[in-house]
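# Coordinate inspection notes
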Amino acid sequence: MEAQPRPTAPADSPALGSLPVEPLLTSEFDVDPGAVYERLRATYGPVAPVGLLGVPVWLVLGYPEVTEVLRNESQWRRDIRYWRARAEGRLPPDWPLAAGYEVRQMMFMDDEEHLAARRTHHAALRPFSGSPEGWELRAAVERYADELIALLASESGTTGFADLGAQYTRPLLLMVTTRLFGCPVELGDELVMDLWRMLDGGPGAGPATGRALASFTRLAAHRRARPGDDLTSYMLLADPDLTDEQLGRELFMNAVYLNDITGNMVLNTLLEVLRGNATVRRSLSAGQLDETVDRAALANPPVANMCFRFAARDVRLGEFWIRAGDAVSPSAASAHRDLLAIGSSPLVGSAVSTHAHLGWGAGPHQCPSAARELGGQIVSTAVGRVFDHFVRAELTLPPDQLPWRSGPVVRGLRLLPVRYELSPGHAKTPRHAAPVPTSPTHSPDGQAKRLLSALRRLMFGARD
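The numbers attached to residues start from 1 for each chain and follow its sequence in the written order. The model is predicted, so local features are restricted to residues of pLDDT at least 70 and side-chain atom pairs to those at 80 or more, both for listing and for counting; the totals for chains, interfaces and linings are taken over all residues. Just so you know, side-chain values use all the structure's heavy atoms and leave hydrogens and water out.

## Here's the deal with the overall build of the chain
Where helices and strands are cited, they refer to DSSP runs of H or I of at least four residues and of E of at least two residues respectively, numbered from the N terminus. Check the secondary structure of the chain and you find 19 helices and 13 strands. Residue exposure (1.4 Å probe, protein chains only): buried if accessible area is under 20% of the type maximum, exposed if over 50%, otherwise partly exposed. Scored against the burial criterion, the 464 residues of the chain give a buried share of 57%.

See the structure below:
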């Protein structure tokens, strides 16, 4: 039986390059991206042509269409070499988003190359699940969280004002990364800013990516010479053939997810509780921390618009024919609006609805299960410790006046300002799930103070 010929786009169907596109990243998008998604959907349907810093791409808005793109790996490729505009030299010189996509690591691989990289990650992360290493890491997350809150109490008292971004979430994730990766000294606060610059696509994205890659390549070489009980060493154990440069690229990707994506999930969960999201608050009141995180991710996903996929062949999606080599960006933030639009349906309050969120991706390229488990544990611990310590917390700005980083990928808070009241007992004597050994180099107290001092300098005016 002869194979059926693959469909091709009709000659009279509009090509991406022939359509007028409006820039996505505008002041309106910064203030209210939901309104932009709705307008695009009303004009074009579930797939819309948009401009990203001068480059036309398809923005996928509907939940069914987004999940189709995420799950059909044979049609929608991650390897940037499939991108026709890049192959034909039609990207603007020094296009800022190119820096991240040119980093050859697991996120941008397909087929067996991708599966082999995932197996390495699974093997390297396995020791942190249901094992002494995992218990110690969870205890470390609790200890670091307690230390940061105790430091807040010592500096500002048991009542006062705080930024839960710069004074809690970001230093906490840096401390966790330092421990998990086996860094000989704490990761610098400038590294977080470089990860932001790369994701946000500012003019400094290229140099920022280069600096971050160089840092992780040096860490790979250090751990090759001095292995330990850390993710870097376990990745080398899982695949001894990795070069320092290859391992540095994978550590770079993990640092992006751990510091920026996981950090956004922590802050977004705290925000949904503080702004009064009823379903999120009910799950927190019931002590269901995992459900609290899922509900917050549904309302406000940490990755608003996911990394590009490239069409392997012509295909119809929504109201358009997508040509082979076109770039599409699946929008989790827009897709989630489909789920939330169910409104009063019982599905909104069910596990089916919350577990359908795309905060960890979907399909063959979703976060590996071991990474999802670890990330979820870090987020739920970080969120839980705040509400264990805080008797009261309220936003000091209206939710619609909070400052956001609205880039092509993430929508993350710049700061989360609160007026708080701490439980005196919690602030003075932090509770630890288990003792965590420390050394002068990794002393949480000294590390927290250094990170807080630097982050306070950098949080305002630090982006290029």
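## Some details on the pattern of salt bridges
Take a side-chain nitrogen of Lys or Arg and a carboxyl oxygen of Asp or Glu: if they are within 4 Å of each other, that pair is a salt bridge. Under the counting rule described, the total for this entry stands at 23 salt bridges. Ionic pairing is found between Asp79 and Arg81, a salt bridge with its closest N-O pair at 2.7 Å. Judged by relative accessible area, which is 7%, Asp79 ranks as buried. Residue classification places Arg81 among the exposed positions, given a relative accessible area of 55%.

## Looking at helix α8 (residues 165–181)
Among the 17 residues in α8, 16 count as buried, and that is most of the element. Where α8 terminates, the next one or two residues include Gly182, which has phi positive at roughly 75 degrees.

## Some remarks on the confidence of the model for the chain
For every residue, the predictor reports its confidence as pLDDT, a number between 0 and 100. Summarising the model, the chain shows a mean pLDDT of 86, and 85% of its residues fall at 70 or more. Residue contacts are defined here by distance: any two heavy atoms, one from each residue, within 4.5 Å place the two residues in contact. Note on residues 427–444: pLDDT is under 50 here. Beyond four places in sequence and across chains, it has 35 contacts.

## A few points about the sheet that holds strand β10 (residues 390–395)
If DSSP finds at least two bridges between two strands, the strands pair. Taken in spatial order, the 3 strands of this open sheet run β5-β13-β10, and their pairing is antiparallel. Bordering the open sheet on either side are β5 (159–163) and β10, each of which pairs with just one other strand. Between one strand axis and the next, the sheet turns through 30 degrees on average, direction left out of account. Strand direction decides the pairing type here: β10 and strand β13 (residues 417–422), joined by 5 bridges, are antiparallel. Across the sheet, residue Phe390 finds its bridge partner in β13, namely Leu422. Under this scheme, a helix contributes an axis fitted over its contacting stretch, all axes are lines through C-alpha atoms, and angles between N-to-C directions fall in the 0 to 180 degree range.

## Here we look at helix α11 (residues 231–238)
Counting buried positions over the 8 residues of α11 gives 6, a clear majority of the element. Among all positions in α11, only Leu231, Thr232, Ser233, Tyr234, Met235 and Leu236 are buried. In the core, the buried residues of α11 are packed alongside α6 (111–125), α7 (132–156), α8, α10 (205–225) and α12 (244–274). Here a polar contact is taken to be a pair of N or O atoms separated by no more than 3.5 Å, where protein atoms must pair a possible hydrogen donor with a possible acceptor and residues adjacent in sequence count only if both atoms sit in side chains. Backbone nitrogen of Thr232 and a side-chain oxygen of the N-cap are separated by 3.3 Å at the start of α11; the cap is Asp230.

## Considering the nonpolar core
Judged by nonpolar contacts, the single largest core of 68 residues is most densely connected at Tyr168, Leu172, Phe181, Phe252 and Leu416. Among the elements that take part in this core, α12 stands out by supplying 12 residues, more than any other. Setting aside residues no more than four positions away along its own chain, Leu172 makes contact with Val141, Tyr144, Ala145, Leu148 and Ala382. What we call a nonpolar core is a set of buried Ala, Val, Leu, Ile, Met, Phe, Trp, Tyr and Cys residues that are connected through their side-chain atoms within 4.5 Å.

## Focus on empty space enclosed by the protein
Only protein atoms enter the 1 Å grid, on which a cavity is a set of points fitting a 1.4 Å probe that cannot get out and a pocket is an open set with protein on both sides within 12 Å along at least 5 of 7 lines, lining residues being those with an atom within 4 Å of a point. Grid points are joined across faces, edges and corners, and a volume is the space filled by probe spheres set on the points. Inspection of every chain in the model, using the stated rule, returns 5 cavities of 30 Å³ or more. Around the largest cavity, the lining comprises 42 residues; the ones closest to its centre are Met107, Met253, Tyr257, Ile261 and Cys367. Those elements giving two or more residues to the lining of the largest cavity turn out to be α5 (98–101), α6, α9 (189–200), α12 and α17 (369–389). In terms of residues, the lining of the largest cavity owes the most to one element, α12, which gives 8 residues. Of the residues that constitute the lining of the largest cavity, the class distribution is 28 nonpolar, 11 polar and 3 charged. Residues were grouped as follows: Ala, Val, Leu, Ile, Met, Phe, Trp, Tyr, Cys and Pro as nonpolar; Asp, Glu, Lys and Arg as charged; and all remaining residues, including Gly, as polar.

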